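Below, each chain spelled out in residue letters.
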Amino acid sequence: MHRLRTTVARLQPLTAAQTAQSRSQHRTVVVKGGSRTFQPARRLNASVAAEPFLNGTSSNYVEEMYYAWLENPRNVHKSWDIFFRNANAGAPPGSAYQSPPPISGTSQGLASVQTLVGAQPNVEKLVEDHLAVQTLIRAYQVRGHHIAKLDPLDISCVDFDDCAPTELFCSMNELCFYGLVESDLDKVFRLPTTTYIGGNESVLPLREIIRRLEMAYCQHIGVEFMFINDLEQCRWIRQKFETPGIMNFTLEEKRTLLARMIRSTRFEEFLQRKWSSEKRFGLEGCESLIPALKTIIDKSSLNGVESVIMGMSHRGRLNVLANVIRKELEQIFCQFDSKLEAADEGSGDVKYHLGMYHRRMNRVSDRYITLSLMANPSHLEAVDPVVQGKTKAEQFYCGDTEGKRVMSILIHGDAAFAGQGLVYETFHLSDLPSYTTHGTIHVVVNNQIGFTTDPRMARSSPYPTDVARVVNAPIFHVNADDPEAVMYVCNVAAEWRNTFHKDVVVDLVCYRRNGHNEMDEPMFTQPLMYKKIKKQKGVLQKFAEKLIAEGVMTAQEYEEEITRYDKICEEAHTRSKDEKILHIKHWLDSPWPGFFTLEGQPKSMSCPSTGISEDDLSHIGNIAASVPEEDFTIHGGLSRILKGRANMVSQRVCDWALGEYMAFGSLLKERIHVRLSGQDVERGTFSHRHHVLHDQNVDKRICIPMNYISPDQAPYTVCNSSLSEYGVLGFELGFAMASPNALVLWEAQFGDFHNTAQCIIDQFISSGQAKWVRQNGIVLLLPHGLEGMGPEHSSARPERFLQMCNDDPDVFPKLSEDFAVRQLYDCNWIVVNCSTPANYFHVIRRQILQPFRKPLIVFTPKSLLRHPEAKSSFDEMLPGTHFSRIIPDDGPAAVSPEKVKRVIFCTGKIFYELTRERKNRGMDDTIAVVRVEQLSPFPFDLVKEETDRYVNADLVWCQEEHKNQGYYDYVKPRIRTTIGRSRPVWYAGREPAAAPATGNKQTHLMELQRLLDTAFDLEAFSGKQ
Ligand SMILES: Cc1ncc(C[n+]2csc(CCOP(=O)(O)OP(=O)(O)O)c2C)c(N)n1
Ligand SMILES: [Mg+2]
């Protein structure tokens, strides 16, 4: 990028006092009857104001003429008199004006105007020049960042185009662009109200205007904000960066900043000295990240924030843990000891992934503040929505409706910020009522490289931060080699969030001194960049030299500060050698005080009955069938649905939607917060739920009957989400992390779509506890079932969830009294496919009533939502009832089990197709159909009861899914283990296939019939091995 600054360098600053000599902000015009002060208000009559040349700055001048003329037409030159007369007489725009001669007023007021404009050849030129200056000012506000000195290496990877913007003043050429000439530089211009560069002055010479604009917009800070479509917000930012002298710091502030830079720098140096061959993803080249974060936290704490939740990836994470969160250094250092034994269950994680939670006194604000850094996987940016969800939950539980007490900070890498679509998805949650965290501060460690790829190959946008523009977030680019500029923008970012409660981005333009990690050789791929980096003086050294030169501290004081911190590190290192055992529990990011025993164990190993009283069933049922608000008109179709619910309540039965209502309603009554989020969940994709009623006559008037269950119930949140799976599921996972006393459910529109959130499922839900000893009770509702709807509306891919279950297929577990609960405790997640509303009701309630938290995956039905047989009696939901892990056959087969020739095990909706077929074939007493409702952890004990009961039967697993999909690969070895491999487990289902389902209805039905034929053909497997 061109940096033609020579002309600018020749411009000498003009002090405010100099410019104030001849002008004052409110100029006084003496008129008959006394003097009067002109305020900025514009009161030209309409026709005068409509003149094409009268806008912006020019109107100030003409306005004064007009006032003088109003007082007395002889106060102004004849030509102005004619002009105002014509205009007042209604001359159309353009025709009132006749070119006046150079100004030569008679009154004192005119004399002052003349001082302002000097010897202008004519008013047209005057107006044009003022307009030009105004445009120039605006150009700096809009595009000043293009020529700001943001890059410490001065190799700038920000590729706008090949030349500097023509509208910025880089040479006299650009001045010509505005029709100005060099001599205009000394002319004085009135400043428009859209700038603050004047400070107390309302007029400045052009030379000074340009200098101040350069100072505000083209030094070490580049401000991108003029795309924001809110005037007040733009004004606020202009004021923060344009006001002269606004970036001055006190001596104390500078010393604190240096101390923070010392900690940041020396921490990495210490690690490098002690463990030179260990990966740590050091911060070298962006040491100012530490003071940046601390500044944001200090300022936010001063503004009343009590809890800050942070998410970040590898780069500088250990440094943040040590110097921002203040994790004990020995706890960090001992992680480098390869002999350290892990004390907790689970597989653990590498040191630069672990989380942390710490409450401490903030020295600047003198207030307590809780800082947590969320544990995160290697998957860049995956933690972003999780942080947002947890932040939202903390805000929700402490009644912080405006985000004044709890906030989040996300730290990004430049390549990941630009490349990962999740960043965009997370930004789009930022202003949605049920997802907003009222402003996140994003800090980008923009080291101008991603592993070995430079930005020219990594993104198509000029900046890595352009994605933030979609939500109108201001973006503050800053040269990270200037710690004071960094501190300033971080202060502004924190104030921005506190003022507007909207997202903001700080782009720390820096470099990466080493390779991607400490073992990497960067010269292989970025030779020129790294030659430059090798010559680059460290930021701490540069900053210390500056402060010593300024007299802020002596060289000796600086050395002492360094020695002091090095000693702290050495002492902690000595202590770290005593640590023999690694407690991952010490790295918890979200403790749940009171939920576990002091040792971190569940308080019991039992789960009470999940049934509820008859009264509660009818009460909640009646609420589900009602419109609890007065004068609320609902749609006729919905009236019929509610009437249907009322009928079911009177008959003491539930369909699926009512079963869900009973589960949610009863938990709410027990003061458990319930939050259901996902695409179109309020009504339900299949139009069965209707948790939010809409008044047919009043726009936006809604009613949520679930919130009318009892006066002291917990609140119910049901929210249609943005059309995102990755972002929203991550968000809900984070929400569920905040408290064990909430039921948080995410529903996929169809289960098929969950795989765009696969990273959250793999990296957090399935393995989170094993890696980070952190439990999570999130529920995934995944509509699933082959119903002829084609390959993408059929399968929630049960095989994938089952493949990730941690129970051993080959070991029959030791049975005990608390086997069922213990199994749940030991598993990584629970996978169910319920075939009845009652069982769905129970499994949802169990999720909260069990004494620990595990993720629950529910394959939910579609056609069963309205299936006449898929109903449950209230009797199945009363006190004393439980979730049934399997549902045995209760028909004729069970009466004489020895006569049964075949046991068909199945799960989900195929049960109804099987029993219909069995009836049609008159095989009720020869074939037993057993439903496995909880697939994982596998109910070995109950399956054994069934296989023991039907001693003469062969065993078949029947599923509607293709053979390489569904449940078969999971259940087969487990059933075989259960029976000591004494009998085969045959398969009745669709053939293996690449796609989950056919798109052809006929083929679908034919496949179904074929699999039913196999299931009921008692000879189907004879002679097979
Ligand atoms: C989703 C994902 N894809 C790929 C990787 C592998 N990876 C690890 S670090 C890295 C480069 C990251 O660059 P940047 O975001 O600029 O962060 P930096 O390392 O420069 O701080 C890549 C590609 C990953 N961790 N996550
Ligand atoms: Mg990078």
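Refer to the structure printed above.
Attention in this report is confined to the structure presented alongside it. (Residues numbered from 1 in each chain as written. Chains lettered and ligands numbered in written order. Predicted model: local features only at pLDDT ≥ 70, side-chain atom pairs only at ≥ 80, totals over all residues. Heavy atoms only, no water.)

## Overview of the coordination of the magnesium ion (ligand 2)
Taken together, the protein ligands of the magnesium ion (ligand 2) are Asp 414 (OD), Asn 447 (OD1) and Ile 449 (O), with distances of 2.0 Å. Read in sequence order, the donor residues coordinating the magnesium ion (ligand 2) give the pattern D-x32-N-x1-I. (Donors = N, O, S within 2.8 Å, 3.2 Å for Na, K, Ca; no water.)

## A few points about the site of ligand 1
Neighbouring ligand 1 are 15 residues, the closest being His 314, Arg 315, Ser 378, Asp 414 and Ala 416. Contact between ligand 1 and Arg 315: an oxygen atom at 2.9 Å from a side-chain N or O atom of the residue. Asn 447 places a polar side-chain atom, nitrogen or oxygen, 2.9 Å from an oxygen atom of ligand 1. Contact with the protein chains hides 74% of the accessible area of ligand 1, taken as 590 Å² for the molecule alone. The dominant element in the shell around ligand 1, judged by the number of residues it contributes, is helix H16 (residues 414-419), at three residues. (Near = heavy atom within 4 Å. Polar contact = N/O pair within 3.5 Å; in protein donor to acceptor, adjacent residues only side chain to side chain. Areas by Shrake-Rupley, 256 points an atom, 1.4 Å probe, with all protein chains shown as cover. Helix = DSSP H or I, 4+ residues; strand = E, 2+ residues; numbered from the N terminus.)

## Concerning a positive patch on the surface
Together, Lys 531, Lys 532, Lys 534 and Lys 535 make up a positively charged patch on the protein surface. One can find Lys 535 in helix H20 (residues 527-535). Taking the relative accessible area as the measure of exposure, Lys 535 reaches 73% and is therefore exposed. (Patch = residues over 30% accessible without salt bridge, like charges linked within 9 Å, V, L, I, M, F, W, Y side chains within 5 Å. Salt bridge = Lys/Arg side-chain N within 4 Å of Asp/Glu carboxyl O. Lys, Arg positive; Asp, Glu negative; His and termini not counted. Charge placed at Lys NZ, Arg CZ, Asp CG, Glu CD. Buried < 20%, exposed > 50% of the residue type's maximum accessible area, 1.4 Å probe, protein only.)

## Brief notes about helix H12 (residues 289-302)
Compared with an ideal rise of 1.5 Å per residue, which puts 14 residues at 20 Å, H12 spans 20 Å between its outermost C-alpha atoms and is within 8% of the ideal. In terms of burial, H12 is largely enclosed, as twelve of its 14 residues are buried. Among the residues of H12, Leu 289, Ile 290, Pro 291, Ala 292, Leu 293, Lys 294, Thr 295, Ile 296, Ile 297, Asp 298, Ser 300 and Ser 301 are the ones counted as buried. Just downstream of H12, Gly 304 is the residue with a positive phi angle, here 110 degrees. (Expected span 1.5 Å × (residues − 1).)

## Looking at the sheet that holds strand S5 (residues 221-224)
Strand order in the open sheet formed by eight strands is S5-S12-S13-S11-S10-S6-S9-S8, with mixed pairing between adjacent strands. Where the open sheet ends on each side, the last strands, each with one partner, are S5 and strand S8 (356-362). Here the strands of the sheet are splayed against their neighbours by 20 degrees on average, with no regard to which way each runs. Pairing analysis gives six bridges linking strand S11 (residues 440-446) to strand S13 (residues 504-509), with the strands arranged parallel. Counterpart to Asn 446 in the pairing with S13 is Val 509. Together, strand S6 (307-311), S8 and strand S9 (367-373) form the strand contacts of helix H13 (residues 317-325), whose direction differs from that of S9 by roughly 165 degrees. Contacting S5, strand S10 (406-413), S11, strand S12 (475-479) and S13, helix H19 (residues 483-500) crosses the sheet at an angle of about 165 degrees to S12. (Pairing = 2+ DSSP bridges. Axes fitted to C-alpha atoms, helices over the stretch in contact; angles between N-to-C directions. Contact = heavy atoms within 4.5 Å.)

## Quick word on the pairing of strand S23 (residues 856-860)
Burial of S23 is extensive: five of the five residues sit out of reach of the surface. Of the two faces of S23, the one holding Leu 856, Val 858 and Thr 860 and the one holding Ile 857 and Phe 859 are both buried throughout. Pairing of strand S21 (residues 779-783) with S23 involves five bridges; the strand directions are parallel. Among the inter-strand pairings, Val 779 is bridged to a residue of S23, identified as Leu 856. Pairing analysis gives three bridges linking strand S22 (residues 830-832) to S23, with the strands arranged parallel. The residue bridging Val 831 from the neighbouring strand is Ile 857, located in S23. Handedness of the crossover joining S22 and S23 through helix H31 (residues 837-849): right-handed. (Right-handed = clockwise from strand over helix to strand, strands pointing away.)

On their own, these measurements won't tell you what the molecule is for.
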